[in-house]
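# Remarks on the overall topology
So the chains spell out like this:
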Amino acid sequence: MEDLKEWKNNEIWGLEAWKSLCRVRELCPLIQCITNYVSMDIMANTLLAAGASPAMVHAVEEIADFTPHAKGLCINIGTLTPDWTVSMKAAAAKAAESQKPWVLDPVAAGASTYRMERCLELVDLKPTVIRGNASEILALAGASIGSTKGVDSSHVSTDALEAAKELACRTQAVVAVSGAVDLVTDGERVLGVSNGVPLMQKITATGCAVTALIAAFVALQPNLALEATCFALAVFGMAGEIGMEKANGPASLRMHLIDALYGLDKESVLSKINISKYD
Ligand SMILES: Nc1ncnc2c1ncn2[C@@H]1O[C@H](COP(=O)(O)OP(=O)(O)OP(=O)(O)O)[C@@H](O)[C@H]1O
Ligand SMILES: Cc1ncsc1CCO
Ligand SMILES: [Mg+2]
């Protein structure tokens, strides 16, 4: 691959995103998901539609056997309880030990002290990527409680740009803030992904689903985590744009988005991709 710092236009981004999607379709990476009850269905279906192989495996007793065989791991704290916390930490540690990338979704990080403390413990276990909405990234970067209402963002992604950069520098993770423009940073470079449609916010767990898709893309390009994260966000957003052409509301968008992801072709990727340097 060329020096990505020199990349300038969407023609090149499109070709590389297409290659990344093809790699997922060819290699069908096994992605372990320890996620919330709300997101399990859309997350598994998103991974399958993209060509990956999801497995919702969360018993702590299975982690020693299972996690080393997965290509990537997605941890989502959406419906956190103490027993799952133990599994999450064990899986993150096992992924790190077996040099597998893992991605953290800090759902509602600022909604309670319990959530924040567990999130900070997970961040200490060195996620490859952290993907949240703007309120979650602001809360996590500042370790601040009470600024978020729940799982939905009360900020726009650009509100969290400096927080995301600071969090990325401090943790060495790639940090992605979703929204109308998804901002992705390694603390130095910032890229903006402008694919997607606003109605995606009205389908529960689209954020959770795209975090799992990031895990699948990063699993196959662990040394290009920033770019792979952008490609997953762009691919999901493009599927939303295509799905929106047939949708009448959130429920039909959910269905058409998954269909569009499954059928996404090179021509659509090249014509729709919208990635730009943000800094
Ligand atoms: N205004 C918007 N325009 C276009 N796409 C959007 C918009 N808002 C969100 N998206 C897209 O919707 C998806 C979900 O992002 P969102 O920020 O809603 O995540 P979230 O709040 O974590 O969701 P959840 O907690 O329900 O999983 C992302 O792919 C994002 O790019
Ligand atoms: C609604 C909801 N509550 C906990 S997790 C979740 C899914 C969206 O994050
Ligand atoms: Mg979320």
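Quick caveat, the model's predicted, so the values are computed rather than measured.

### Let's talk about the pattern of salt bridges
- Counted by the stated rule, this structure contains 12 salt bridges.
- Between E16 and K19 there is a salt bridge; the shortest N-O distance is 2.9 Å. On the criterion of helical spacing, the pair formed by E16 and K19 is a turn pair, its members being 3 residues apart in helix α1 (residues 10-27).
- On the accessibility criterion, K19 (41% relative accessible area) is partly exposed.
- One salt bridge connects R170 with E166, and the closest N-O pair in it is separated by 2.7 Å. Taken together, the residues span about one helical turn, with R170 and E166 both in helix α7 (residues 161-171) at a distance of 4 residues.
- Given a relative accessible area of 46%, R170 falls into the partly exposed group.
- Through salt bridges with shared partners, a single ionic network connects K89, E117, R118 and E121.

### Topic: the site of ligand 1
- In the vicinity of ligand 1 lie 18 residues, with N133, S178, D182, G207 and C208 positioned nearest.
- Between S178 and ligand 1, the recorded distance is 2.7 Å, taken from a side-chain N or O atom to an oxygen atom.
- In the model, an oxygen atom of ligand 1 is placed 3.4 Å from a nitrogen or oxygen of the G179 main chain.
- Alone, ligand 1 offers 630 Å² of accessible surface; in the complex the protein occludes 91% of this.
- Listed by contribution, the elements that provide at least two residues to the shell around ligand 1 are β5 (129-133) and α8 (206-220).
- Among the elements that line the shell around ligand 1, the one with the most residues is α8, at 3 residues.
- A breakdown of the residues in the shell around ligand 1 according to their chemical character gives 8 nonpolar, 8 polar and 2 charged.

### Section: the confidence of the model for the protein chain
- For the protein chain, per-residue confidence averages 96 on the pLDDT scale, and residues scoring 70 or more make up 97% of the total.
- Model confidence for the complex: the whole-complex pTM is 0.97, and ipTM, which rates the interface, is 0.99.

### Considering the environment of D259
- Tracing the chain through its elements places D259 in helix α10 (residues 250-263).
- The exposure class assigned to D259 is partly exposed, which follows from its relative accessible area of 48%.
- In sequence terms D259 and V38 are 221 residues apart; their C-alpha atoms lie 20 Å from each other.

### Notes on the site of ligand 2
- Surrounding ligand 2, one finds N36, V38, G78, T79, V107, V151, T204, A205 and C208.
- Here ligand 2 has 290 Å² of accessible area as a free molecule, and 74% of this is covered by the chains.
- The residue inventory of the shell around ligand 2, partitioned by class, reads 5 nonpolar, 4 polar and no charged.

### Focus: the environment of F66
- Residue position: F66 is located in helix α3 (residues 63-66).
- Leave out the neighbours within four places in its chain, and F66 touches L30, Q32, A55 and V57.

### Comments concerning the side chain of E241
- If you trace the backbone, E241 turns up in helix α9 (residues 225-244).
- Despite its burial, E241 pairs with no opposite charge; the closest candidate is K272, at 4.6 Å N-O.
- Filtering out sequence-adjacent residues up to four positions away, E241 remains in contact with S194, N195, G196, V197 and K272.

### Observations regarding helix α5 (residues 113-124)
- In this model, α5 (12 residues) spans 17 Å end to end at C-alpha, consistent with the 16 Å of a helix rising 1.5 Å per residue.
- Residues R115, M116, R118, C119, L122 and V123 constitute the buried set of α5. In an axial view of α5, the angular spread of the buried residues amounts to 165°, which keeps them on one side of the axis.
- Buried residues belonging to α5 abut β3 (72-76), α4 (82-97), β4 (102-105), β5, α6 (134-142) and α7.
- Looking one or two residues past α5, K126 carries a phi angle of roughly 65°, positive in sign.

### Some words on the sheet that holds strand β1 (residues 30-34)
- The strand order β2-β1-β3-β4-β5-β6-β7-β8-β9 describes an open sheet built from 9 strands, whose pairing is mixed. Single-partner strands in this sheet number two, and they are β2 (53-55) and β9 (275-277). Each strand axis lies, on average, 20° off the axis of its neighbour in the sheet, ignoring direction.
- Running at roughly 160° to β4, α5 makes contact with β3, β4 and β5 of the sheet.

What counts and how
- Residues numbered from 1 in each chain as written.
- Chains lettered and ligands numbered in written order.
- Predicted model: local features only at pLDDT ≥ 70, side-chain atom pairs only at ≥ 80, totals over all residues.
- Heavy atoms only, no water.
- Salt bridge = Lys/Arg side-chain N within 4 Å of Asp/Glu carboxyl O.
- Helix = DSSP H or I, 4+ residues; strand = E, 2+ residues; numbered from the N terminus.
- Buried < 20%, exposed > 50% of the residue type's maximum accessible area, 1.4 Å probe, protein only.
- Near = heavy atom within 4 Å.
- Polar contact = N/O pair within 3.5 Å; in protein donor to acceptor, adjacent residues only side chain to side chain.
- Areas by Shrake-Rupley, 256 points an atom, 1.4 Å probe, with all protein chains shown as cover.
- Nonpolar A, V, L, I, M, F, W, Y, C, P; charged D, E, K, R; others polar.
- pLDDT = per-residue confidence, 0-100.
- Contact = heavy atoms within 4.5 Å.
- Lys, Arg positive; Asp, Glu negative; His and termini not counted.
- Expected span 1.5 Å × (residues − 1).
- Arc of directions from axis to C-beta.
- Pairing = 2+ DSSP bridges.
- Axes fitted to C-alpha atoms, helices over the stretch in contact; angles between N-to-C directions.

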